[in-house]
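Structural features, examined
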Amino acid sequence: MMVLLLSSVAFGILCGRFLSFEISDTAITVILMLLVFVVGIEIGSEEGILKRMKINIPVILVQSVLVICGTLLFSGITSFFTGFSFKEAMGASAGMGWYSLSGIMISELYSPFLGAVSFTSNIIREVASILIIPIFARFSQLGAISSAGATSMDTLLGLISKNTDKDSTLIAFGQGVILSLSVPLIISVIFGQR
Amino acid sequence: MLLLILISFIIGLLLGMTKKFEFIKKYKLVTIITVFLLFIMGFEIGSDGELFDKLPEIGISALVIAVSGILGSMFLTTVFEKIKNRFFLKNNSSDKI
């Protein structure tokens with residue numbers, strides 16, 4: 001599974017390098033909707049799903065806050081050895097894996113260079129999560145989910161559902177929703193002048 | 001886009017609750033779609049020539065930032081999970097999709 005997923009990223013990079021055509025954003029959105037729809041059906045088919053959702057809402061909230069704090073704090077600390085300021089290092093990680101949005105927002109609000117750093121850093125987060133999730137899920141499912149950041153509701157939701165139980169998949173989707181809503185907000189707070 | 005995804009998830013959940021769509025699990029749809037999405041992600045990185053040229057310069061700091069961000073969130077959430085399982089709701093479901 002892991003090899004399959006990593007090679008599809010690598011194959012994509014190769015094709016993108018040598019072929020030139022545009023993949024429309026609408027097509028990507030439709031594919032994302034389909035994925036989320038299918039995972040939704042799988043979770044919904046579970047017995048007692050409503051009760052489980054109720055139990056899991058506080059867990060989703062705590063989990064999301066911890067992912068945000070952990071990411072920002074630990075990335076900020078890298079400012080001691082990367083030559084970035086605390087604010088820059090923290091901001092570059094604030095996409096939580098959502099590379100397209102964070103790269104563009106930081107380029108606009110702050111500097112194109114830090115935007116590129118953030119873009120790359122968030123791609124690395126997503127690719128690293130493909131490796132981390134199957135391995136770490138045996139030790140801690142929430143820990144494994146946290147590495148996916150905001151992508152736990154879309155691209156990595158399939159991988160998570162294959163490696164964790166249904167409660168954790170539900171938490172992963174919730175974490176993805178809350179983080180995706182927070183990312184634009186956090187980046188504007190860190191880099192906004194007004 | 002976020003709204004569209006949320007709506008698709010909720011529709012999926014509701015349809016799943018009718019228990020009429022369990023046959024969908026037989027096809028490896030989730031894996032197939034994930035492979036496709038990651039291919040698209042790779043494709044977008046590959047077609048960005050400017051990013052490729054800058055990569056040696058920004059790669060290392062991006063890696064350091066990504067790794068510490070991941071470690072930070074994994075550390076806090078793992079501790080949270082262990083505390084939660086120990087003192088509050090014992091999570092004994094081990095079923096995998």
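All values reported here derive from a predicted model rather than from experimental measurement.

Here is what the cut-offs are and how they apply
- Residues numbered from 1 in each chain as written.
- Chains lettered and ligands numbered in written order.
- Predicted model: local features only at pLDDT ≥ 70, side-chain atom pairs only at ≥ 80, totals over all residues.
- Helix = DSSP H or I, 4+ residues; strand = E, 2+ residues; numbered from the N terminus.
- Rg over C-alpha atoms; globule rule 2.2 N^0.38 Å.
- Buried ≥ 20, exposed ≤ 12 C-beta atoms within 10 Å, placed from the backbone.
- Contact = placed C-beta atoms within 7 Å.
- Core = buried A, V, L, I, M, F, W, Y, C linked by C-beta atoms within 7 Å.
- pLDDT = per-residue confidence, 0-100.
- Axes fitted to C-alpha atoms, helices over the stretch in contact; angles between N-to-C directions.
- Left-handed = near helix turned anticlockwise from the far one by under 90°.
- Nonpolar A, V, L, I, M, F, W, Y, C, P; charged D, E, K, R; others polar.

**Let's talk about the overall build of chain A**
Counting its regular elements, chain A contains ten helices and zero strands. When its helices and strands are written in sequence order, chain A yields α-α-α-α-α-α-α-α-α-α. Its C-alpha atoms give chain A a radius of gyration of 17 Å, near enough to 16 Å, the size a compact globule of 194 residues would have. Along the longest, intermediate and shortest principal axes, the C-alpha atoms of chain A span 50 × 40 × 30 Å. By the burial criterion, 56% of the 194 residues in chain A qualify as buried. Within chain A, contacts between residues at least 6 apart in sequence are counted, and of these 64% link residues at least 24 apart.

**Notes on the overall build of chain B**
Scanning chain B from terminus to terminus reveals three helices and zero strands. When the 97 residues of chain B are sorted by exposure, 36% land in the buried category.

**Regarding unusual backbone geometry**
Of note, M96 of chain A is a non-glycine position whose phi angle comes to about 50°, a positive value. On the secondary structure map, M96 of chain A appears in the loop between α5 (86-93) and α6 (99-109). We note that K19 of chain B has phi near 65°; this positive angle belongs to a residue other than glycine. You can see K19 of chain B is positioned in the loop between α1 (2-17) and α2 (29-46).

**A look at the nonpolar core**
One finds L35, V36, I133, L157, I160 and V183 of chain A to be the most contacted residues of the largest nonpolar core, which totals 77 residues. Beyond its immediate chain neighbours, meaning those up to four positions away, I133 of chain A contacts A144, S147, A148, L156, L159, I160 and N163 of chain A.

**Some words on the confidence of the model for chain B**
Residue and element names in this part refer to chain B. Summary statistics for chain B give a mean pLDDT of 83 and a share of 90% for residues scoring 70 or more. Averaged over each element, pLDDT in chain B is lowest for α1 (86) and highest for helix α3 (residues 49-87) (90). Across residues 93-97 the pLDDT falls below 50, and counting only partners more than four positions away or on other chains, this stretch makes eleven contacts in the model. Across the interface, the model reports ipTM at 0.87; the global pTM reads 0.84.

**Considering the packing of helix α3 (residues 49-77) of chain A against α3 of chain B**
One way to put it is that α3 of chain A packs onto α3 of chain B with a least axis distance of 7 Å and a crossing angle of 145°. The chirality of how α3 of chain A crosses α3 of chain B is right-handed. Residues V59, V62, Q63, L66, V67, C69, G70, T71, L73, F74, S75 and I77 of chain A of α3 of chain A lie in contact with α3 of chain B, whose contacting residues are I65, S68, G69, L71, G72, S73, F75, L76, T77, F80 and K84 of chain B. A breakdown of the residues in the contact of α3 of chain A with α3 of chain B according to their chemical character gives 13 nonpolar, nine polar and one charged.

**Some thoughts on the interface of chain A and chain B**
The accessible area lost on association of the parts is a frequent measure of interface size. Opposite the 82 residues of chain A that make contact, chain B presents 69 residues. Elements with a minimum of two residues in the side of chain A that touches chain B: α1 (2-18), α2 (25-44), α3, α5, α7 (112-136), α8 (141-148), α9 (157-163) and α10 (166-191) of chain A. Element by element, the count of residues in the side of chain A that touches chain B is highest for α2 of chain A, at 16 residues. Taken together, the residues of the side of chain A that touches chain B break down into 47 nonpolar, 27 polar and eight charged.

**Quick word on α5 of chain A**
Burial of α5 of chain A is extensive: six of the eight residues sit out of reach of the surface. Against the buried residues of α5 of chain A lie α3, α4 (79-82), α6, α7 and α10 of chain A together with α3 of chain B.

**Here we look at the environment of G95 of chain A**
Residue and element names in this part refer to chain A. Residue placement: G95 occurs in the loop between α5 and α6. On the basis of neighbour count, G95 is assigned to the buried category, with 33 C-beta atoms found within 10 Å. In this structure, the C-alpha to C-alpha distance between G95 and T71, residues 24 residues apart in sequence, is 9.6 Å. Among residues more than four places away in sequence, those in contact with G95 are L101, S102, S118, N122 and V183.

**Overview of the environment of S7 of chain A**
Note that S7 of chain A resides in helix α1. Sequence separation of S7 of chain A and I43 of chain A is 36 residues, and the distance between their C-alpha atoms is 28 Å.

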